[in-house]
Amino acid sequence: MSKKAGILLYLSFEAEGKRQVFEQYFPDRSIVDAKEEADPDTTDVEYAVVWQPAPGMLASVPGLKVIFSLGAGVDHLFHDTGLPDLPVVRFVDPDLTGRMVEYVVLQCLMHVRQQRHYDGFQRKRQWKELEQPAAHAFRVGILGFGHLGQACARGLLALGFQVNGWSRSGRAMDGVASFDGSGLDDFLAQTDILVCLLPYTAETRGLLNSGLFSRLARNGPFGAPVLINAGRGGSQIEDDIVAALEDGTLRGASLDVFQQEPLPADSRLWNFNNVVITPHAAAVSNADALVTYVKRQIEQFEADGSLENIVDLSRGY
């Protein structure tokens, strides 16, 4: 029996145990950790599973056929100007999708139910009730209405929220008001809670800025909109978010991604009681789910040459 093609790993973050999971699922293939090995042997490697690979590393693998991105986003690959012209597969999995739905629904409810205010009352031992609009009074606008955005929409609709979806092509979904690329202003004007799930591309760089915030609805239940960003930190201008929170353009925000990560200790975003900060943890990839996904794709590719969820490199997602 001939030896099967090897798999290259390169994970920029702490990934203790990931190699062992790959070795468990792929006992008949060599698993090469290019981040941990000083001079990795990639002779039989045909597949790479990576997050923020070192520039030039992928191009140095002579037999590479497919690149798997560890997360749903692939912008981390474009820092490599020598990225080989090969299929790039993004991670799409019910586990990751479910985690993102949990995050988005939780953050919407945190703001709608004014939980941060109640947390403040609790710390001061104050018994105080706030006027409470219902979920159906709020219009949640999802900026980036792909697989994750549509899954989040279903979760929000189940709770009674009004949901708008914006994407370049204007993807339709029952119960959701759909807007395409030319309808961004109309979409923003009908959005009380803006959820950004956009990938990071040249078009989305710095999109979440003062100009965009000023076009959000101000006739909602609270008179000012809320920003939730679980997409990419490069899509937001953090000084503009701070200014919008200070002058009331934004009522609050939930931010899981940042221009610089970890978020620097001197960032003014830490100072706001109406801002929820999480450490890029909205939808963390589960090791078993990831490896199962990669295994299925490799087996399918070796059987008939097909792959799912291939990235359009010209668009960046």
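The text that follows walks through the structure, step by step, so that each part is easy to find. What you see is a predicted model, and the numbers here were worked out from it, not measured in a lab.

### A look at the packing of aromatic side chains
(1) Moving on: Evaluated as defined, the whole model comprises six aromatic pairs.
(2) Moving on: Here the aromatic rings of Phe22 and Phe26 are separated by 6.2 Å at their centres, their planes lie at 15°, and the arrangement is stacked.
(3) Moving on: Phe22 gets classed as buried once you look at its relative accessible area, which sits at 1%.
(4) Moving on: Centre to centre, the rings of Tyr47 and Phe301 are 6.1 Å apart; their planes meet at 85°, and the pair counts as edge-to-face. Of this pair, Tyr47 sits in strand 3 (residues 45–51) while Phe301 sits in helix 8 (residues 287–304), placing them 254 residues apart in sequence. Of the two residues, Tyr47 and Phe301, neither departs from the other in class, the shared state being buried.
(5) Moving on: Arg251 extends its terminal NZ or CZ atom over the ring of Phe222, reaching a point 3.8 Å from the ring centre.
(6) Moving on: Looking at Lys295, its charged tip hangs above the ring of Phe26, at a distance of 5.3 Å from the centre.

### Side note on the packing of helix 1 (residues 18–25) against helix 8
(1) Moving on: Axis separation between helix 1 and helix 8 bottoms out at 10 Å; the angle between their running directions is 40°. On the basis of the axis angle, helix 1 is oblique to helix 8. For the pair helix 1 and helix 8, the crossing hand works out as right-handed. Taken together, the residues of helix 8 that come into contact with helix 1 (itself represented by Lys18, Val21, Phe22 and Tyr25) are Ala287, Asp288, Leu290, Val291, Thr292, Val294 and Lys295.

### Here's the deal with the sheet that holds strand 2 (residues 31–33)
(1) Moving on: Judged by pairing direction, the sheet is parallel, and its five strands sit side by side in the order 2-1-3-4-5 without closing on themselves. Edge strands, defined here as strands with exactly one partner in the open sheet, are strand 2 and strand 5 (88–89).
(2) Moving on: As paired elements, strand 3 and strand 4 (residues 66–69) share four bridges and run parallel to each other. Counterpart to Ala48 in the pairing with strand 4 is Ile67.

### Digging into the sheet that holds strand 7 (residues 162–166)
(1) Moving on: Taken in spatial order, the seven strands of this open sheet run 8-7-6-9-10-11-12, and their pairing is parallel. With one partner strand each, in any of the chains shown, strand 8 (176–179) and strand 12 (275–277) form the two edges of the open sheet. Between one strand and the next, the sheet's axes are offset by a mean angle of 15°, whatever the strand orientation.
(2) Moving on: Relative to strand 11 (residues 252–255), strand 10 (residues 226–229) runs parallel, the two sharing four bridges. Residue Ile228 lies in a different strand from strand 11, and its bridge partner there is Ser254.
(3) Moving on: Each of strand 6 (139–143), strand 7 and strand 8 is contacted by helix 4 (residues 147–158), which is oriented at about 170° to strand 6, the strand it contacts most.

### What about helix 7 (residues 238–247)?
(1) Moving on: Listed in full, the buried residues belonging to helix 7 are Glu238, Ile241, Val242, Ala244 and Leu245. End-on view of helix 7: buried residues confined to an arc of 165°, all on one side of the axis. Projecting away from the buried face of helix 7 at angles above 90 degrees are the exposed residues Asp239, Glu246 and Asp247.
(2) Moving on: Those residues of helix 7 hidden inside the fold are in contact with helix 6 (210–214), strand 10, strand 11 and strand 12.

### Observations regarding the side chain of Gln107
(1) Moving on: Within the element layout of this structure, Gln107 appears in helix 2 (residues 94–112).
(2) Moving on: What Gln107 contacts, discounting residues up to four positions off in sequence, is Ile228, Ser254 and Val276.

### Some remarks on the pairing of strand 4
Two faces belong to every sheet, and in a regular strand the side chains alternate between them.
(1) Moving on: Burial of strand 4 is two-sided: the residues Val66 and Phe68 facing one way and the residues Ile67 and Ser69 facing the other way are all buried.
(2) Moving on: Relative to strand 5, strand 4 runs parallel, the two sharing two bridges. The residue bridging Ile67 from the neighbouring strand is Val88, located in strand 5.

Rules used throughout
Residues numbered from 1 in each chain as written. Predicted model: local features only at pLDDT ≥ 70, side-chain atom pairs only at ≥ 80, totals over all residues. Heavy atoms only, no water. Phe/Tyr/Trp six-rings, centres within 6.5 Å; stacked < 30°, edge-to-face > 60°. Buried < 20%, exposed > 50% of the residue type's maximum accessible area, 1.4 Å probe, protein only. Helix = DSSP H or I, 4+ residues; strand = E, 2+ residues; numbered from the N terminus. Lys NZ or Arg CZ within 6 Å of the ring centre and 35° of its normal. Axes fitted to C-alpha atoms, helices over the stretch in contact; angles between N-to-C directions. Parallel < 35°, antiparallel > 145°, perpendicular 65-115°, else oblique. Left-handed = near helix turned anticlockwise from the far one by under 90°. Contact = heavy atoms within 4.5 Å. Pairing = 2+ DSSP bridges. Arc of directions from axis to C-beta.

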